[in-house]
Amino acid sequence: VWIGVESVHAPFEKRAGRDIGSIFADLRSLGITTTGSSIFGLDHHTPEQLPREVDFMIGLQPSMVQLSNLMPAVGTALRTRLVAEGRIGSVGFKDADLYSEVIRHPAFQPGEIRNAIFEGYGRLYESIGPSLFRILETWFTGYKNLRGSRNAGLRKRAGMYAQRSKAILPIFLKTGEFLPNDEIRYKVRHALEEITGELGRSEEHTSELQ
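Residues numbered from 1 in each chain as written. Predicted model: local features only at pLDDT ≥ 70, side-chain atom pairs only at ≥ 80, totals over all residues. Heavy atoms only, no water.

Tallied over the entire structure, the rule returns nine salt bridges. For Asp-55, the salt bridge goes to Arg-123, with nearest N and O atoms at 2.2 Å. With Asp-55 in helix α2 (residues 49–60) and Arg-123 in helix α4 (residues 112–128), this residue pair connects regions lying 68 residues apart in the sequence. Owing to a relative accessible area of 31%, Arg-123 belongs among the partly exposed residues under this scheme. When the shortest N-O distance is used, the salt bridge between Arg-185 and Asp-182 registers 2.9 Å. Taken together, the positions of Arg-185 and Asp-182, both in helix α7 (residues 182–199) and three residues apart, correspond to about one turn of that helix. Here Asp-182 falls in the exposed class, since its relative accessible area comes to 59%. Salt bridges sharing common partners tie together Asp-43, Arg-81, Glu-85 and Arg-87. (Salt bridge = Lys/Arg side-chain N within 4 Å of Asp/Glu carboxyl O. Helix = DSSP H or I, 4+ residues; strand = E, 2+ residues; numbered from the N terminus. Buried < 20%, exposed > 50% of the residue type's maximum accessible area, 1.4 Å probe, protein only.)

Given below as structure tokens:
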């Protein structure tokens, strides 16, 4: 499920209602993977605010993350306003990607928002590990929570999560040295021990992580 987090202080009606953290947690408990996306370069952003946006995303524990620069689409009210304010730069279609600085933001120098995005990706990796591991954790959590369901369809889904978990588990058996730090290595090793203990070992032993 793709969830547009956008910002800690999102100025969008779609963020009204339930606490967004509880939505991510509920989906994770059911084995449903998530992509949390945030926009950098909104009107209220400052250089000090962007690291807090990353902190907020880390706390949500999404399976995958997209951080992007503000890209106001042609024909939207936002684009019309920013054009009127002289805040739309000249960007060719080859440069119109998620990391291009289409807008001119009064609080940032050219290149600062883009740098903040890639620094944010680095912090996410250091803090909650690779996305593939977060996907594995989510699937295994869903398996544990649904395997005893009275609903036959949900028990079948639990079986699917178990198969998926076993299928990607070997990826982590010899990649421990490439993980970002000892904390993540410990977390991965502990998870693999639990998964192999529950679902059975793959061809290789989890001690390969050590």
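There is more to say, and it comes next.
Two elements in contact, helix α5 (residues 131–146) and α7, have axes whose closest approach is 11 Å; the angle formed by their N-to-C orientations is 35°. For the crossing formed where α5 meets α7, the hand is left-handed. Judged by residue contacts, Phe-133, Leu-136, Glu-137, Phe-140, Tyr-143 and Lys-144 of α5 engage Lys-187, Val-188, Ala-191, Leu-192, Glu-194, Ile-195, Glu-198 and Leu-199 from α7. Looking at side-chain class alone, the contact of α5 with α7 contains nine nonpolar, no polar and five charged residues. (Axes fitted to C-alpha atoms, helices over the stretch in contact; angles between N-to-C directions. Left-handed = near helix turned anticlockwise from the far one by under 90°. Contact = heavy atoms within 4.5 Å. Nonpolar A, V, L, I, M, F, W, Y, C, P; charged D, E, K, R; others polar.)

Turning our attention to the sheet that holds strand β3 (residues 64–69). Strand order across the open sheet formed by three strands is β1-β2-β3, with parallel pairing between neighbours. Edge strands, defined here as strands with exactly one partner in the open sheet, are β1 (2–6) and β3. Pairs of neighbouring strands in the sheet enclose a mean axial angle of 25°, with direction left out of account. Relative to strand β2 (residues 35–40), β1 runs parallel, the two being bridged by four bridges. Within the sheet, the bridge partner assigned to Glu-6 lies in β2 and is Ser-38. Strands in contact with helix α1 (residues 20–29) are β1 and β2; relative to β1, the strand with the most contacts, it is inclined by about 155°. (Pairing = 2+ DSSP bridges.)

Mapped onto the secondary structure, Ser-165 falls in helix α6 (residues 152–168). Given a relative accessible area of 0%, Ser-165 falls into the buried group. A polar atom in the side chain of Ser-165 sits 2.8 Å from the backbone oxygen of Tyr-161. (Polar contact = N/O pair within 3.5 Å; in protein donor to acceptor, adjacent residues only side chain to side chain.)

Another point: the environment of Phe-93. As for its placement among the helices and strands, Phe-93 is situated in the loop between α3 (77–84) and α4. Judged by relative accessible area, which is 72%, Phe-93 ranks as exposed. Separated by 27 residues in the primary sequence, Phe-93 and Gly-120 have C-alpha atoms spaced 25 Å apart.

This next bit is on α1. Three or more residues of α1 are buried, namely Ile-20, Phe-24 and Leu-27. When α1 is viewed along its axis, its buried side chains cluster within an angular range of 65° and face the same direction. Buried positions along α1 lie against β1, β2 and α2. The N-cap residue of α1 is Asp-19: its side-chain oxygen and the backbone nitrogen of Gly-21 are 3.1 Å apart. Gly-31 occupies a position one or two residues after α1 and carries a positive phi of about 80°. (Arc of directions from axis to C-beta.)

Positioned with a positive phi, Glu-6 is a non-glycine residue whose angle comes to about 70°. Within the secondary structure layout, Glu-6 lies in strand β1. The class of Glu-6 is buried, set by a relative accessible area of 8%. With a phi close to 55°, Gln-61 is a non-glycine residue in the positive phi region. The topology assignment puts Gln-61 in the loop between α2 and β3.

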